[in-house]
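# Chain and residue survey
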Amino acid sequence: MRSCRSWTPSLLPSSSSQSSSEYGHQARVRTFGVAVEFDLGKPIIFCVNPSNIPWVDGVVQDGKLRVFKWPSMEIILDEANSHASVRDLDFSPDGKFLVSVGSGGPGRVWDVTSSKPVASLPKEQDEIFAFCRFSHSDKNPVLYITSMRGQGGSIVRWEISSWKRMSTKQVVRDPVCAFNVSADGKLLAVGTIEGDVLIINSANMHVHNVVRKAHLGLVTALMFSEDSRALVSASLDSSARVTVIKDAKKNGFSLWIVVLVILLAIVAYYVKTEGILH
């Protein structure tokens, strides 16, 4: 399942896949048999590259960004101060770029091959970035970043060749605490701290489905099925839910027919009463 993971390592026996030092200062996380050490008690954000290019994953802890090469787990990018604190990561569909968002500054775009930052994604006044996801649509790939302001949660779209902001759309009044994009890029999923789940049409940014109080606690994770017909959501209340995505009702054409009939009736009445045809 392609998504970012965030967790805090716990103290486990040395025989486990995660181990720690005697004083609890470090944890060793085994990934496909390769051990990587992290400090205990600090959140880890982990993101897997979806492409076939051999850069396996990005890991951030306490503002330090690392990108590893598979299968040797050689560090190819090691940035000590990527952000004051990192909120989210995502690889581009071709695996060439890594986007990171966090506090204390703009979002950043990294060239994985050269291990250099190539673009900065500026925030507007009082804006806070929370989550970042690339669309995997072949026709119109874009980058989505969720943002918070006083009036609620918004989704910002960025053009990925120039890294320019395309649009900003407020979609919910509550803070956004989970976000994801469907495999075909047509749908976006948003989870809120109130336990609500929203499914949004990426073409017009209109709400497609909404499930109020889908969970009793805040939503922690969202994932679309491969065919984009279902959405799995998980919550801090230890619950998980599958939401079936129904097709939008295609009432637009029928509505226009009704309007046209009414207009024709008005015209016919006007012509008859005024005697225009006589």
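For the structure, check the block above.
Residues numbered from 1 in each chain as written. Predicted model: local features only at pLDDT ≥ 70, side-chain atom pairs only at ≥ 80, totals over all residues. Heavy atoms only, no water.

A complete count under the given rule lists three aromatic pairs for this structure. Between F97 and W163, the aromatic rings sit 5.5 Å apart at their centres with planes inclined by 75°, giving edge-to-face as the arrangement. Of this pair, F97 sits in strand β10 (residues 97-103) while W163 sits in the loop between β15 (152-159) and β16 (164-172); the two residues are 66 residues apart in sequence, bridging distant segments of the chain. A centroid spacing of 6.3 Å and a plane angle of 90° characterise the contact between F129 and W158, whose relative ring orientation is edge-to-face. (Phe/Tyr/Trp six-rings, centres within 6.5 Å; stacked < 30°, edge-to-face > 60°. Helix = DSSP H or I, 4+ residues; strand = E, 2+ residues; numbered from the N terminus.)

Here we come to the sheet that holds strand β22 (residues 230-235). One open sheet accounts for three strands, arranged β21-β22-β23; its pairing is antiparallel. Edge positions in the sheet fall to β21 (219-224) and β23 (240-244), since each of these pairs with one other strand and no more. The mean inter-strand angle of the sheet, taken between neighbouring strand axes irrespective of direction, is 20°. As judged from the five bridges shared by β22 and β23, these two strands associate in the antiparallel manner. Across the sheet, residue V232 finds its bridge partner in β23, namely V242. (Pairing = 2+ DSSP bridges. Axes fitted to C-alpha atoms, helices over the stretch in contact; angles between N-to-C directions.)

Our focus in this paragraph is the layout of surface pockets. Quantified by volume, the second largest pocket comes out at close to 270 Å³. Partitioned by chemical class, the residues of the lining of the second largest pocket number three nonpolar, three polar and six charged. (1 Å grid on protein atoms, 1.4 Å probe; cavity = no way out; pocket = protein on both sides within 12 Å on 5 of 7 lines; lining within 4 Å. Points joined across faces, edges and corners; volume = space filled by probe spheres on them. Nonpolar A, V, L, I, M, F, W, Y, C, P; charged D, E, K, R; others polar.)

Residue placement: Y144 occurs in strand β14 (residues 142-149). Given a relative accessible area of 3%, Y144 falls into the buried group. Distance from Y144 to S202, taken between C-alpha atoms, is 9.9 Å for residues 58 residues apart in sequence. Those residues in contact with Y144 that sit more than four places away from it in its chain are F131, C132, R133, S135, I155, V156, R157, F179, V181, G185, L188 and S202. (Buried < 20%, exposed > 50% of the residue type's maximum accessible area, 1.4 Å probe, protein only. Contact = heavy atoms within 4.5 Å.)

The values reported here are purely geometric and, on their own, carry no functional implication.
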